Amino acid sequence: MLGGTERLLWLLLLSLLLPPPSAWGHGGQARPREGTEEAGSARAWLAFQGLRERLRAAGALSRRYWALFSCRVWPEGCGEDEEASARPPGWSLALLGQQYLDILSTWSCSFWDCCDRGDCKIINNFTGLEADLRVRLHGQHLARELVLTAVRGYLEKPRPDKALALSFHGWSGTGKNFVARMLAENLYQDGLRSDCVKVFISTLHFPHPKNVDLYEEELMDKIRKTQEHCRQTLFILDEAEKLHPGLLEALRPHLERQAPNNHRAESKRTIFLFLSNLGGNIINEVVLNLLKAGQSREEVRMEHLESRLQAEIVASTDSGFGHSRLVKENLIDLFIPFLPLEFRHVRLCARDAFLSQDLLYTEEALDEMARMMVYVPKEEQLFSSQGCKSISQRISYVLPEG
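Now for a look at the structure at hand.

Procedures and definitions
- All chains use their own residue numbering, which begins from 1 and follows the written sequence.
- Local features in this predicted model are restricted to residues of pLDDT 70 or higher, and side-chain atom pairs are both shown and tallied only at a pLDDT of 80 or more, whereas totals for entire chains, interfaces and linings draw on every residue.
- For the side-chain quantities, the full set of heavy atoms in the structure was used; hydrogens and water were omitted.
- We count a salt bridge whenever a side-chain nitrogen from Lys or Arg sits within 4 Å of a carboxyl oxygen from Asp or Glu.
- A run of DSSP states H or I qualifies as a helix once it reaches four residues; a run of E qualifies as a strand once it reaches two. Both are numbered from the N-terminal end.
- For every residue, the accessible area (1.4 Å probe, protein chains only) is compared with the maximum for its type, and the residue is labelled buried under 20%, exposed over 50%, or partly exposed between those bounds.
- Polar contact criterion, stated in full: a pair of N or O atoms within 3.5 Å, where within protein one must be able to donate a hydrogen and the other to accept it, and residues adjacent in sequence count only if both atoms are side-chain atoms.
- Contact between two residues is taken to exist if any of their heavy atoms lie within 4.5 Å; hydrogens are not considered.
- Defined by distance alone, a disulfide is two cysteine sulfur atoms within 2.5 Å.
- The angle between two axes is taken between their N-to-C directions and runs from 0 to 180 degrees, where each axis is a line fitted to C-alpha atoms and a helix contributes only its stretch in contact.
- Should an angle fall under 35 degrees it is taken as roughly parallel, and over 145 as roughly antiparallel, whereas 65 to 115 is taken as roughly perpendicular and any remaining angle as oblique.
- In this scheme the crossing of two helices becomes right-handed for a clockwise turn of the near helix relative to the far one and left-handed for an anticlockwise turn of less than a right angle.
- Residue polarity follows a fixed list, in which Ala, Val, Leu, Ile, Met, Phe, Trp, Tyr, Cys and Pro are nonpolar, Asp, Glu, Lys and Arg are charged, and the others, Gly among them, are polar.

Brief notes about the pattern of salt bridges
Within the structure shown, the criterion is met by 24 salt bridges. Put simply, Glu185 and Arg181 hold a salt bridge, and the shortest N to O gap is 3.8 Å. A residue pair is termed a helical-turn pair when its members lie 3 or 4 positions apart in one helix, as Glu185 and Arg181 do in helix H7 (residues 176-187) at 4 residues. With its nearest N and O atoms 3.5 Å apart, the salt bridge here joins Glu342 to Arg344.

See the structure below:
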């Protein structure tokens, strides 16, 4: 017997699956002459018969959808056999029906836990992600465009055949961790606290090279359990340039293309984010030369940076990341540059810091905070050497005493 919540969801699903009244047919029977009492009675009877048949068909179909829907939202009570029984031989889930299931699953997961009672409420709020990247991320037009397009395109694929791997590059404080957090907050209701999001920091989680075998086992176990627990996962690997080559090699099978599984209603989706300072110098050099040549910052495009950034990553002797098979076998889908931040961007970060603490600010206070940062190169003084890092800790220096 369905509970109240399940009955509500069943009715919502049924309402989506019912065809519009204009689609109800009356069979191939001859119609009585219009304007007679017989014609009116016949029309009423045929309409009733048509409605009954449509409701019967929709009821049978909706039971199949309900079985698939409940297996998706409450998988702990649904085994492979039960899910298979929801799909009679020769019956496949239509694209429109798949979209309905996605809508209802996402809606229900905003209220209940959906991954074996885990805390992984998936919301995939692309409108919110777009707004956050536009309003809260300063000076990173390339990262904004690339991240939004890549993530939305991947998560909207019916059956992705590999994990999405994005590698963020640039100086410290330019927004790499900030964007990773935005992704977590807009893809999962509980953000970084979600059981479907895991963050690994090389120097914190894998500090000793002699323990690499143990780290590899722990990392693979964590990835496997998270993927089993959640249909959509996000793994963030900070300080990726410091990852041991053995760990990078262990990640390779998770980033390779997989044969599609046609026996399940949905495919697992996994996003890997690699965050690294690697390539920051070449990014800054390219941007500086373009600015000196008279181009505006907003005119900097990927074609100016892509080849030189990848060459710098591959040529690096201080890191095994560029020499790993992840890079050599093109398993990283995008190398995303984060540009150096200028005075005006640091000023906006200062404003955001005031607003986040519900503090009033003056234009003079924002100028003063931005001037506290060190700017390079020595001659041009264009780029903040720390980006916006630690800007919020400087508020106390500009607040009035008392």
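More follows now that the structure is in view.
Some thoughts on the side chain of Ser167
Inspection of the secondary structure assignment puts Ser167 in strand E1 (residues 164-169). Ser167 gets classed as buried once you look at its relative accessible area, which sits at 0%. Polar side-chain contacts of Ser167 include one of 2.7 Å to the side chain of His169. Once residues within four sequence positions are removed from consideration, Ser167 is found in contact with Phe274, Phe321, Ile332, Leu334, Phe335 and Ile336.

Re the state of the cysteines
Scanning the entire structure with this criterion turns up 2 disulfides. Between the sulfur atoms of Cys196 and its disulfide partner Cys230 the distance amounts to 2.0 Å. Torsion about the S-S bond of the Cys196 and Cys230 cystine: about -85°, corresponding to left-handed handedness. Taken together, the residues span a long stretch of sequence, with Cys196 in the loop between H7 and strand E2 (197-201) and Cys230 in the loop between helix H9 (212-229) and strand E3 (232-238) at a distance of 34 residues. Covalent S-S linkage joins Cys349 and Cys388, the inter-sulfur distance amounting to 2.0 Å. Disulfide Cys349 to Cys388: torsion about the S-S bond roughly 80°, handedness right-handed. With a gap of 39 residues between them, Cys349 in helix H14 (residues 343-356) and Cys388 in the segment after strand E7 (383-384) connect regions that are remote in the sequence. Pair check on accessibility: Cys349 and Cys388 agree, each one buried.

Concerning unusual backbone geometry
Here the bond from Val376 into Pro377 is cis, since omega is -10°, no more than 30 degrees from zero. Mapped onto the elements of the fold, Pro377 is located in the loop between strand E6 (375-376) and E7. Even without glycine at this site, Asn330 takes up a positive phi of about 55°. When you line up the elements, Asn330 lands in the loop between helix H13 (325-328) and strand E5 (334-337). Its identity as a non-glycine residue notwithstanding, Gln381 has a phi of 55°, on the positive side. Look at Gln381 and you get partly exposed, because its relative accessible area is 44%.

Comments concerning the packing of helix H11 (residues 280-292) against helix H12 (residues 302-315)
One way to put it is that H11 packs onto H12 with a least axis distance of 9 Å and a crossing angle of 150°. By the angle class used here, H11 and H12 are roughly antiparallel. In the packing of H11 onto H12, the handedness of the crossing is right-handed. Each of Ile282, Ile283, Glu285, Val286 and Leu290 in H11 lies in contact with H12, whose residues at this interface are His304, Leu305, Arg308, Leu309 and Glu312. Partitioned by chemical class, the residues of the contact of H11 with H12 number 6 nonpolar, 1 polar and 3 charged.

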